[in-house]
Structures are given as structure tokens and as C-alpha cells.
Amino acid sequence: MGTPTTVDTLGLSCKINVISVRLNCKDRRSGLILTIPLCTEQTSMEELSSTLDYLLGIPSDKCKARGFTVIVDGRKSQWNIVKTVVLMLQNVIPAEVSLVCVVKPDEFWDKKVTHFCFWKEKDRLGFEVILVSANKLTRYIEPCQLTDEFGGSLVYDHMDWVNKRLVFEKFTKESTSLLDELVVINESEKSNQLDKERPPDCNFLPSLDPETVLQTGHELLSELQQRRFNGSEGGGVAWSPMDDELLAQPQVMKLLDSLREQYTKYQEVCRQRSKRSQLEEIQTKVMQVVNWLEGPGTEQLRTQWGIGDSIRASQALQQKHEEMESQHSEWFAVYVELNQQIAALLSAGDEEDLVELKGLQQQLSDVCYRQASQLESRQNVLQSAHEFHGTAQDLSQQLDGLLGMLCADVAPTDGAAIQQTLKHLEEKLKSVEGSLAGLREKGQVVMDQMSNQTTWSYGKDVPIENKENIDHIQGVMEDMQLRKQRCEDMVDVRRLKMLQMVQLFKCEEDASQAVEWLGELLDALLKTHIRLGDDAQETKVLLEKHKKFVDVAQSTYDYGRQLLQATVVLCQSLRCTTRSSGDTLPRLNRVWKQFTVTSEERVHRLEMACSFHTAAEKVASPEQGDLPVELEQETYEEVETVGKALLDRLTVPVIFPDGSEQYFGSSGDMASSAVHIRDNMKLVEDRKLTLHEEDEEDVEQLQYDQIHDQDKELQDDEELQDDQELQEVNKELQDGEELELETDTQKS
């Protein structure tokens, strides 16, 4: 097949559509039939000439050698136009034209002029021109090669053929241009691989998309194959014998094969380019990450070394650190992406790239992990510093509150309030001690973290100078320790003062209690200590009990006095001039005086009762008759006198120093005691009368007994005198004998 003439494809489409010149079948000599339909409108000879040039450039030289049969359809045109077209054929294709059939219209042209004109020009034209009606055209051309407009049976769609031809022309042009570009690209890439020092031209890319061109070619080839297959069965889309030659199916297949081959090579080139580009991009990004982390990132960390001097300052530093972390996070995200890309390349990379990729991956990981570790260390230091400052602030507030409590005046109302205040003070101090211990612990944590903190500079770890931060932390802890110690000293003083106040309130309370006890003893003395005893022995027992009762009251009074004295001493120690014993001491003295008066009255009554019962018992005893008359008389008088005095005393109230009066017991109790005393007095009186009568009888007997006793005494005196004389004689005789015996002894 010949090479098609280069023309403007878009212009060609317009010309073929307007002029409708077609080259679509064969004559009886197997030559191509060229149909030129003419219309009533003015036909552009220039456009017709260009169209003929294009159509005649499509067939191969072999087809052209068989000659052309030209059908000029002049049924809708004028004779001068037909004549011009025929003469133009001589200039365009004089050698290839074998026969020109001019289809004449139904109206009769001047046959003589027409025949004469063509016959006159026959030798000069070089081909035969005949005038023929449309229904007689089959004499020269087979009906199967003629369309229905000329009475033939050929099914032909001129616009479909034009569209397919345009597709073919476009594919041929694009594929040829793309093949040239791909060959250049592939050869250039091959040269670059041989000369690795030569910089690759990565911007040299094909002007067309190979995938699109291949798809267009495959669709075109599929259409051609389908048209031929369907046409061979006589159905479907119209098919003409010229399709194989005019649409050049083998040429399409050849172009597709060449294009696939070069495109496969180009894909490998693209893969190598992509891999190389990706590797270079990874290297660039890795160096960007490394340079930033070791440059500005490290500089940020190096300049951010403070921990602040308060919780607000530490929060501001934490916010700055978060901003710095946010900047680092962007680079760490790039690191993660690069690490994934490197891992993918390592899993599917060539051996020659493995060492370089692993080196990049290791370098990137070392720098990122080191920077992340320093960020985390810095974050831990700031977090610990924030907790330290927070604890210091809380401790300072606790110390301020404790100092405020210690500086405030103590004005408790009672001992319970003091105990509650003291307990609250102890709890505050204990809380301060716990907070100070927590502050020391957090401060030590911060100092330990800072001592281990380093930065990366010039390829090595450099310790960060944290002396100022450590001095600040130690200074805060020492200051808090001093403040806590001062508060402890003040707490000790306050504790002593409050304990003294507790003791003061206790003394006052106990003194009041002593007054109440003494009042209760007085009340008990007046209301329950009313018995005087039924005899002297019981009265003595009551008197002893009363003495013990008085001793208890005396102890209570002395205890109250001691408490009040201690209250005075404590008030002086506390410099509490507003407090004093109040009315406690007067109350105590008043009750004690009342008790003393009452006790003395009770003692007098018991002593009188004891004298009364003793005298009454003497009168009533069996030995009463042995008493002398004078003594007996005195005893009776004593019983009577004491009894009356006692009865009178029972009716007299106890008069207190303030002039108030109080009776012992109730009136009934006093009446009962009085009745008992009167009964005893009556018994004594009865005894007195009885004894008086017995005494008269005994007087006579006594006189007789006296006389008898006198006589007996005289007789006894005489007998005694005789005995004494006899004893004296016997003694003298005995003394004489002893003297003689001693004389004899001396002589011997």
C-alpha cells in the first residue's frame, strides 16, 4: 500500500462531506471507481482538486496501475461545470483514468455540442469520455458495484466511511508521532543507564497518552474486523471490497504491535524513572527532615530549658512546648510517611538500592527517635515542674491560712471550742507537713529529670546546664521549709496557750462544779442529816459520820479554792485581763460559810443529844442505885435541862451569815425527833419517882447495915491488932536465930 498524502484531516472531512466524492468500488477491470456527484450549487474546483488528490493518495501503486473509472454525476449540474471537472481530471490523474462516464440529466443537452466537445478533446485528454444515462450505466460497470442511485445493489454509507477514515488517519498520525517519541525516550533512557554520570532528562515525556492511543487503535481494529466479518455474511454494516485496502487493517495491526512494544519499554523506563524519582524524593525529604530536626528543631529545644518560677509561668512554657511539639509533629508525620515508603521500596526494591534505602531509614529513625526522646524528656520535665509549682502554690496557701489562724486572736467560748480549734490547727499542720513532703518528692523528681536531660549538638549529646533551675527548686523547698518551721514554732506557742486556756476553762468548770458539790452537801446536810440517834452510842456514830462528812466538804472547798487560785495564775500567764474568777469565789465562800454554820449547828445538836442520851442512860442503868444522892439528883437535872434545851434548839432555824434561815429537814422530821426526846424525858422522870420510893426503904436498911458494919469493923480491928503483935514476936525470934547462926558460922 502507498503512503497517504499528508493533508489537513479536519479540512478533508469538511471537503469530503460537502463534495461527497467517493472511492468505494471496482469496475470490470478491477480498477477503482471514483464517483464525483455534482450539484446545482457552484462547485469549488480547488476543493474538488484537493479531495481528489487525497483520495487518489489512498490506494497502493498496484491498485493505481489498474486504472480508474470516473463517474461524474451531472444530473443536477450544468454542462460547463461537468466539462470543467472532466478537464480537471486530465490535470489531476491523466494517466490513471481509463474511462470517464458522465451521467447526463433527463433534460437533453446539445448532443452535437457535447459529443463534439469530448470527441475533439479525446486525444488531448488521454482517456475516453462517454455520456450515459443512469439506467444504462450498468453496461460499463457491474450493478453490484453501483449504489442504488445508479441502479445498482451496493449498500454504501459515505459518512460512515468518512468517519472511519478520519479515525484511521488520526490513529495513524498519533501512533506514528507517539512511536517516534517513545523510541527517542527509550533510547535516551538506555544512554542514561550506560552513562550514569549524565543527568537524566526527567521532563521528556510523550505528548500523547499511550493508553488512549492504544485504546483508539484497538477499537479501530475491532471495528474493521467486525465489519469484514459481518459483511462477508451479507448482513449488518455495509462492506465494500475496498475496505482492506482503503482502511489498511494490516497497517493498524502493525502500528499497534510496534506501539505496544515501545510502550512496554516505555513503561519500564517510567518505572525506573519513578523509582529513581521516588528514591531521590525520599532522599530529599529525608535530608529535609534530618536538617530541620538537627537544625531549627534542636535549636528550639536548646533554647527552651527553663521551668518557670510559678505555675502560670510553667503553663506558659508548656503551651510553648505544645506549639513546638506541633511543629515537630508535622515533621514526624513526614517521617512516618517516608518510613512507609522506604519499607515498601525495601520489600520490592532492587539489590543495588537496599543498602542506600536502609542507610536512609536508619539515619531518619535515629534522628527522629532522638528528637522525640528529647521532646518527651522536656515534656516530662515541664509536667513535673508544673506539678512542683502547683504543690508549692498549694503549700504556700496552706501556710498562709495556717499563719492567719496563728495570728488571729483566740477568743473561744469554752474548752470544747478550744479543743476543736486545737484539733483543726493540728490537722492544718499535719496537712502542711504532708504537702511539704510531697513538694520535696516532686522537686527531687524534677531535679533527677533535669540531671538526665541532654541535647544533640554537632553529632553528640551535650548536657543541658540546669544549675539555675536546680537552685530555684532548692530555694523554693528551703523557703517552704523555713516558713513551715516558723509556723511550727508558732503552733507550739499557740498549742501551749490553748492548752493553758483549756486548763483555765477546766479549772473554772471544776471550781463551779466544786461550788455545786458543796451546795449539794449543804442541801444533803439540811435535808437528810436530821437524826439525833436513839441512844448515846448511835449519836456518837452519827457524830463521827458527820465529822467525815465535814471532811469531805472541807476537801471540796479546798479543791475549789485551789482551782480558783490556778485560774488566777493562768489568767496572768495568758495575760487574759478580761477574764477572772467572776462570781465563783464569792459563791464558793458563801456556800462554805453556810455549810460551816449548818455543820456547827449539827454538831451542837448531836453533842447535846449525846449528853442527853448519856445522862438518860445513867439514870436508866442498873447501877443508878449506887450513885450518891447528890450525883443522882444532878443527873436528873441534867437530863431535864439538856432535854429542854435540845427541844428548844430543834425549833430554832439555822441562820446564815447573809441573814437567811433554813430548817433541818421537814417539820414532821423535827416533830418526830422532839417526840422521841420527850418520851425519853418522861421515862427518866418515871424512873426518878420509882427510885425515890425505893430509896426510903433502903435508908433504914442502910442505917442498920451501917451500925452492923461498924461493930464488925471494931471486931476486925481488934483481931488485926492481935495478929500484928503475934507476927512481930515471931519475927523477933526468927531474927535471933539467924544471928546466932551467923555467929556460929563466923567462928567456924
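Each chain has its residues counted from 1, running along the sequence as written. Note on the predicted model: pLDDT of at least 70 is required for a residue's local features to be given, and 80 or more for side-chain atom pairs to be given and counted; whole-chain, interface and lining totals, by contrast, use all residues. The basis for the side-chain values is all heavy atoms of the structure; hydrogens and waters are excluded.

On to the confidence of the model for the chain. Caution is warranted with low-pLDDT regions, since their predicted coordinates should not be read in detail. Confidence of the predictor at the level of single residues is given by pLDDT, which spans 0 to 100. Put simply, the chain has an average pLDDT of 76, and 78% of its residues get 70 or more. Should any heavy atoms of two residues lie within 4.5 Å, those residues are considered in contact. Confidence drops under pLDDT 50 across residues 1–20; counting only partners more than four residues distant or on other chains, this segment forms 40 contacts. Contacts from residues 232–239, a stretch scored under 50 in pLDDT, to residues over four places away or in other chains number 10 contacts.

Two aromatic rings from Phe, Tyr or Trp, using only the six-membered ring of Trp, form a pair when their centres are within 6.5 Å; if the ring planes differ by under 30 degrees the pair is stacked, by over 60 it is edge-to-face, and anything between is tilted. Considering all chains together, one arrives at 6 aromatic pairs under this definition. Summarising the aromatic geometry, the rings of tyrosine 335 and tyrosine 369 are spaced 6.3 Å apart at their centres and angled 75 degrees between planes, so their arrangement reads as edge-to-face. With tyrosine 335 in helix 11 (residues 311–348) and tyrosine 369 in helix 12 (residues 351–407), this pair connects stretches of sequence that are 34 residues apart. Note on tryptophan 592 and phenylalanine 595: the rings are 5.8 Å apart at their centroids and 15 degrees apart in plane angle, and the pair reads as stacked. With a gap of 3 residues between them, tryptophan 592 and phenylalanine 595 both fall in helix 16 (residues 584–620), about one helical turn apart. For the purposes of this entry, the term helix denotes a DSSP run of H or I that reaches at least four residues, the term strand denotes a run of E that reaches at least two, and both are numbered from the N terminus.

With that settled, consider the nonpolar core. Formed by 75 residues in total, the largest nonpolar core has its most connected members in Leu402, Leu439, Ile473, Met480, Leu518, Phe595 and Ile677. Those elements that provide at least two residues to this core are helix 12, helix 13 (415–451), helix 14 (467–527), helix 15 (536–574), helix 16, helix 17 (629–650) and helix 18 (667–747). For this core, the element with the most residues is helix 14, which contributes 19 residues. Setting aside residues up to four positions removed in sequence, leucine 439 forms contacts with Phe388, Thr391, Ala392, Leu395, Met477 and Met480. The next biggest cluster of nonpolar side chains, apart from the first, holds 32 residues, and it includes Leu52, Val85, Trp161 and Val162. Put simply, buried Ala, Val, Leu, Ile, Met, Phe, Trp, Tyr and Cys residues joined by side-chain atoms within 4.5 Å make one nonpolar core. To sort residues, take the accessible area from a 1.4 Å probe on protein chains only and compare it with the maximum for the residue type: under 20% means buried, over 50% means exposed, and anything in between is partly exposed.

This part takes up helix 10 (residues 249–303). By this rule, a helix spans an expected 1.5 Å times one less than how many residues it contains. Look at helix 10: 76 Å from first C-alpha to last across 55 residues, which is about the 81 Å you get at 1.5 Å a residue. Axes are fitted to the seven residues ending at a residue and to the seven starting at it; the angle between these axes is taken as the bend at that residue. Along helix 10, the sharpest change in direction is near 35 degrees and occurs at leucine 293; proline proline 296 comes one to four residues later.

Looking now at the environment of asparagine 339. Following the sequence through the fold, asparagine 339 ends up in helix 11. For asparagine 339, a relative accessible area of 24% puts it in the partly exposed group. Here the alpha-carbon distance between asparagine 339 and leucine 364, two residues 25 residues apart in the chain, equals 8.3 Å. Polar contact is the term for a pair of N or O atoms within 3.5 Å; when the atoms are in protein, one must be able to donate a hydrogen and the other to accept it, and sequence-neighboring residues count only if both atoms are side-chain atoms. At 2.9 Å, the side chain of asparagine 339 forms a polar contact with the side chain of glutamine 361.

Most of strand 3 (residues 68–73) sits inside the fold, with 6 of its 6 residues counted as buried. Across the two faces of strand 3 the burial is the same, with Phe68, Val70 and Val72 and Thr69, Ile71 and Asp73 all buried. The rule for pairing is simple: two strands pair if DSSP sees at least two bridges between them. Summarising the sheet, strand 2 (residues 32–37) and strand 3 pair through 6 bridges and their orientation is parallel. Considered in strand 3, the bridge of isoleucine 36 is made with valine 72. As defined by bridge partners, strand 3 adjoins strand 4 (residues 97–103) across 6 bridges and the pair is classed as parallel. The residue of strand 4 that forms the bridge with threonine 69 is leucine 99.

With that out of the way, let us pick up the pattern of salt bridges. Only one rule defines a salt bridge in this text: a Lys or Arg side-chain nitrogen within 4 Å of an Asp or Glu carboxyl oxygen. Inspection of the entire model under this criterion finds 14 salt bridges. For glutamate 601, the salt bridge goes to arginine 649, with nearest N and O atoms at 2.8 Å. Taken together, the positions of glutamate 601 in helix 16 and arginine 649 in helix 17 put the pair 48 residues apart, joining distant regions of the chain. Linked through salt bridges whose partners overlap, the residues forming this network are Glu433, Lys484 and Glu488.

Quick look at the packing of helix 2 (residues 45–56) against helix 4 (residues 79–92) now. Inter-axis angles, ranging from 0 to 180 degrees, are taken between N-to-C directions of lines fitted to C-alpha atoms, where helices are fitted over the stretch in contact. The interhelical angle for the contact between helix 2 and helix 4, taken along N-to-C directions, is 45 degrees, at an axis separation of 11 Å. It follows that helix 2 is oblique to helix 4 by the angle criterion. Relative to helix 4, the crossing made by helix 2 is right-handed. Contact residues: Met45, Leu48, Ser49, Leu52, Asp53 and Leu56 in helix 2; Ile81, Thr84, Val85, Met88, Leu89 and Val92 in helix 4. Following the grouping adopted for this structure description, the nonpolar residues are Ala, Val, Leu, Ile, Met, Phe, Trp, Tyr, Cys and Pro, the charged ones are Asp, Glu, Lys and Arg, and the polar ones are all others, Gly among them. Here the contact of helix 2 with helix 4 is composed, by residue class, of 9 nonpolar, 2 polar and 1 charged. Throughout this description, any angle smaller than 35 degrees is read as roughly parallel, any larger than 145 degrees as roughly antiparallel, any in the 65 to 115 degree range as roughly perpendicular, and the remainder as oblique. We call a crossing left-handed when the near helix sits turned anticlockwise from the far one by less than a right angle, and right-handed when that turn is clockwise.

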